[in-house]
Amino acid sequence: MADAAVKPKLETAPATAPEQELTDGFHLVIDALKLNGVKTIYGVPGIPITDFGRMAQAEGIRVLSFRHEQNAGYAASIAGFLTKQPGVCLTVSAPGFLNGLTALAHATTNCFPMILMSGSSEREIVDLQQGDYEEMDQLAIAKPLCKAAFRVLHAADIGIGVARAIRAAVSGRPGGVYLDLPAKLFGQVMDAAAGQKSLVKVIDPAPAQIPAPAAIKRALEVLKSAKRPLIILGKGAAYAQADDAIRALVEKTGVPFLPMSMAKGLLPDTHRQCAGAARSTVLKESDVVMLIGARLNWLLSHGKGKTWGEAPKKFIQIDIEPREMDSNVEIAAPVVGDIASCVKALLDGLDGKTAAPPDWAGAVAKKREENVAKMAPRLMNNNVPMDYHGALGVLRTIVKERPDAILVNEGANTLDLARGIIDVYQPRKRLDVGTWGIMGIGMGYAIAAAIETGKPVLCVEGDSAFGFSGMEIETICRYRLPVCVVIFNNDGIYRGTDVNAAGADPATTVFVKGARYDKMIEAFGGTGVNATSPDELKRAVNAAMDSGKPTLINAVIDPAAGSESGRIGNLNPQSKLSKKQ
Ligand SMILES: Cc1ncc(C[n+]2csc(CCOP(=O)(O)OP(=O)(O)O)c2C)c(N)n1
Ligand SMILES: [Mg+2]
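Residues numbered from 1 in each chain as written. Chains lettered and ligands numbered in written order. Predicted model: local features only at pLDDT ≥ 70, side-chain atom pairs only at ≥ 80, totals over all residues. Heavy atoms only, no water.

Peer 1: Looking at this structure, how should I read the layout of surface pockets?
Peer 2: Where empty space is left in the structure can be found by rolling a water-sized probe over the atoms. By volume, the second largest pocket is sized at about 320 Å³. In this structure, the second largest pocket is lined by 20 residues; those nearest its centre are Asn36, Gly37, Val38, Gln85 and Pro86. At the level of elements, β2 (40-43), α4 (69-83), β4 (87-91) and α8 (158-170) are the ones that each hand at least two residues to the lining of the second largest pocket. Among the residues making up the lining of the second largest pocket, the classes are represented as ten nonpolar, six polar and four charged. (1 Å grid on protein atoms, 1.4 Å probe; cavity = no way out; pocket = protein on both sides within 12 Å on 5 of 7 lines; lining within 4 Å. Points joined across faces, edges and corners; volume = space filled by probe spheres on them. Helix = DSSP H or I, 4+ residues; strand = E, 2+ residues; numbered from the N terminus. Nonpolar A, V, L, I, M, F, W, Y, C, P; charged D, E, K, R; others polar.)

If you want it as structure tokens, here you go:
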């Protein structure tokens, strides 16, 4: 069966040319992907792509089968972030496609290069709406949710279709691309040599975009005029893999830097210029802010309002997308180009007078040290039941001792507190909910992080967050991945203490009390541990990281310890009528 699927059926060659070697749509897609360096596909099999998955595997592409397409899609999206090459997700028609679509939209929002390749039903039937198996006009639905969408109808166009998808995903501002592959395409047969010739190797898929010298000069002048400068590093800066140049720019200027969540580790959080623990001070008091691959979206309060204080500010913004400039506030010095080229040009233009005034750098460092010292005793508490600080204090030490491990993090309190408490020491080691604050990235990210980097992965998950992708622990066990999942089990969303005063149903935010998530992984041969104290947690995580075996630790957290929506409770709409007592 598998053999029959792997080989193109030569007997279908026309009788007039029995010696002619043929290829088909299946193989042309595989060859096009391989030609362009795609090594891994994340997906879920089914009609019409089951044989495609088998053949791709047989041809040496790693095809990872998930339990739900959304998780495969998140895996592909983060593979794109980690590698700067489009992560590929493969889905079946209509329902599978829709399941993958959230991840495609997520990739686009987060500027991760990804290609969602989906099988689709017969065009003739879909377009006449005659009720085909899994009928859906997928291309039309995908279009508004991604950066680009393409459909290939002829085998001879597969090479161009794949090339367009790759280039669209990675060039300029990266994003999600949809590639529609109708069922009939896979079976189309053509001359093998002509097929081979039709393939396209994408040359220089993400061309450097060099900033204008005048833009660099303007940016340096604004920076030089600063009394209280600040650099904000976004995940675009992490994506750029311009780590040495960024570090050199920060260190040569002496400017305090604030890493956004997934930019943590570009320079270690323990770096003397890191203003992570003095965030509110630097946002309020800075007078010149240089944004490197960071957008002034909700995560930075749109660059205005209370968070940013009274002092007038000038922004320098480095971004590859010109339309990002002035999106929320005026940008005094827009620098449009790819981050590596822009940062290098700025470095070349530094003249020694661009350093941050020492009194400002000193004041920021002092504030940071005060805040770190204030937090320290809370992180050492050995309370039972555990609170977030006690449990995260343990994980903080473990990550310090294992700086090359990748940290995946989602939840509300579990996210916000872990982001602040767990220091990151190397670039691209912290992967989290991103721009949308999306729940469900956990297991997909963990799987892709392990596959793409070969490094051990530590997932710090709220119990609700984990539930969105929990079934993928089977996938983790099946592929024997070095993933340790720690579930902060506080019996619910934000807290486990809510009561429904009006009836017998549980409150909307609570789960089964005392649930034992650790038992889930045992069903698949993984290691489950129930940890009730920081000491137990520490032992269990260290054992998991040493062994590299799939492990799930149920960390029992005080159900009363969290707060509503973690750190972003202010975003909940309030009405005078419904205001909480
Ligand atoms: C896809 C999606 N659905 C729903 C939400 C709303 N939401 C935000 S945080 C959260 C779960 C928080 O609970 P948990 O993960 O247990 O973290 P805790 O605060 O309890 O530590 C939910 C459901 C979301 N962000 N994304
Ligand atoms: Mg919870």
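Peer 1: In this structure, what is going on with the pairing of β2? I would like to understand it.
Peer 2: Each regular strand carries side chains that alternate between the two faces of the sheet. Side chains Thr40 and Tyr42 project from β2 onto one buried face, and the interleaved Ile41 and Gly43 project onto a second face that is buried too. Taken together, β2, helix α3 (residues 50-58) and strand β3 (residues 62-65) form a β-α-β motif whose crossover is right-handed. Two strands pair when backbone bridges link them, and β2 and β4 are joined in this way by three bridges, in the parallel orientation. Note on β4: the bridge partner recorded for Ile41 is Val88. (Buried < 20%, exposed > 50% of the residue type's maximum accessible area, 1.4 Å probe, protein only. Right-handed = clockwise from strand over helix to strand, strands pointing away. Pairing = 2+ DSSP bridges.)

Peer 1: Any chance you could explain the nonpolar core here in plain terms?
Peer 2: Counting residues in each nonpolar core, the largest one holds 95 residues, and the members touching the most others are Tyr42, Leu233, Ile292 and Leu431. The contacts of Leu431, once residues within four sequence positions are left out, are Ile78, Phe81, Leu82, Met262, Ile406, Leu407, Val408, Asn409, Tyr445 and Ala449. Formed by 39 residues, the second largest nonpolar core is a distinct cluster that contains Val63, Val152, Val170 and Met190. (Core = buried A, V, L, I, M, F, W, Y, C linked by side-chain atoms within 4.5 Å. Contact = heavy atoms within 4.5 Å.)

Peer 1: Which parts of the structure should I look at to understand the coordination of the magnesium ion (ligand 2)?
Peer 2: Ideal values for angles at a metal depend on the geometry: 109.5 degrees with four tetrahedral donors, 90 or 180 degrees with six octahedral donors. For the magnesium ion (ligand 2), the full set of protein donor atoms is Asp463 (OD), Asn490 (OD1) and Gly492 (O), and the range of their distances to it is 2.0 to 2.1 Å. On the primary sequence, the residues serving as donors to the magnesium ion (ligand 2) are separated as D-x26-N-x1-G. Of this pair, Asp463 sits in helix α20 (residues 463-467) while Gly492 sits in the loop between β17 (483-489) and α22 (518-522), and the two are 29 residues apart along the sequence. Gly492 shares its class with Asp463; the two are buried. (Donors = N, O, S within 2.8 Å, 3.2 Å for Na, K, Ca; no water.)

Peer 1: Just to check I follow, could you spell out the site of ligand 1 for this structure?
Peer 2: The environment of ligand 1 is formed by 16 residues, the closest being Tyr388, Asn413, Thr414, Gly437 and Asp463. Between an oxygen atom of ligand 1 and a main-chain N or O atom of Ala412, the distance comes to 3.2 Å. Summarising the interface, the protein chains cover 77% of the accessible area of ligand 1, which totals 590 Å² for the free molecule. Among the elements of the structure, α18 (413-421) and α20 are those that each provide at least two residues to the shell around ligand 1. Residue classes in the shell around ligand 1 are distributed as seven nonpolar, eight polar and one charged. (Near = heavy atom within 4 Å. Polar contact = N/O pair within 3.5 Å; in protein donor to acceptor, adjacent residues only side chain to side chain. Areas by Shrake-Rupley, 256 points an atom, 1.4 Å probe, with all protein chains shown as cover.)

Peer 1: I'm lost on the pattern of salt bridges in this one. Help?
Peer 2: If the charged atoms of two oppositely charged side chains come close together, the side chains can form a pair. Inspection of the entire model under this criterion finds 27 salt bridges. Measuring nitrogen to oxygen at the nearest pair gives 2.2 Å for the salt bridge that ties Asp127 to Arg123. Taken together, the residues Asp127 and Arg123, both in helix α6 (residues 123-127) and four residues apart, mark about one turn of the helix. Across the salt bridge formed by Arg123 and Asp137, the nearest N and O atoms sit 3.9 Å from each other. Note that Arg123 is positioned in helix α6 and Asp137 in the loop between α6 and α7 (138-142), a separation of 14 residues in sequence. Since its relative accessible area comes to 11%, Arg123 is described here as buried. We classify Asp137 as partly exposed; its relative accessible area is 33%. One network of salt bridges, with partners in common, ties together Arg67, Glu474 and Arg478. (Salt bridge = Lys/Arg side-chain N within 4 Å of Asp/Glu carboxyl O.)

Peer 1: When you look at the side chain of Asp287 in this model, what are you seeing that I'm missing?
Peer 2: On the secondary structure map, Asp287 appears in the loop between α14 (279-285) and β11 (288-292). No salt bridge is formed by the buried Asp287; the nearest opposite charge belongs to Arg228, separated by 4.5 Å. Polar side-chain contacts of Asp287 include one of 2.8 Å to the backbone nitrogen of Lys227. (Lys, Arg positive; Asp, Glu negative; His and termini not counted.)

Peer 1: Mind showing me how you'd approach the packing of aromatic side chains here?
Peer 2: The geometry of two aromatic rings is summed up by the distance between their centres and the angle between their planes. The tally for this structure, following the rule as stated, stands at nine aromatic pairs. Between Phe81 and Tyr239, the ring centres sit 6.5 Å apart and the planes meet at 35°, which makes this aromatic pair tilted. Placement of the pair is Phe81 in helix α4 and Tyr239 in helix α12 (residues 235-239), with a sequence separation of 158 residues. Tyr239 carries the same exposure label as Phe81, and that label is buried. Taken together, Phe26, Phe52 and Phe186 form an aromatic cluster joined through their ring pairs. (Phe/Tyr/Trp six-rings, centres within 6.5 Å; stacked < 30°, edge-to-face > 60°.)

Peer 1: Any chance you could explain the sheet that holds β2 here in plain terms?
Peer 2: The strands making up a sheet are joined through hydrogen bonds of the backbone, oriented either antiparallel or parallel. Taken together, six strands build an open sheet; the order of strands is β3-β2-β4-β5-β7-β6 and the sheet is parallel. Each edge of the open sheet carries a strand with a single partner, namely β3 and β6 (148-151). Here the average twist between neighbouring strands, direction ignored, is 20°. Direction of pairing for β4 relative to strand β5 (residues 114-120): parallel, over a ladder of five bridges. Bridged to Leu90 within β5 is Met117. (Axes fitted to C-alpha atoms, helices over the stretch in contact; angles between N-to-C directions.)

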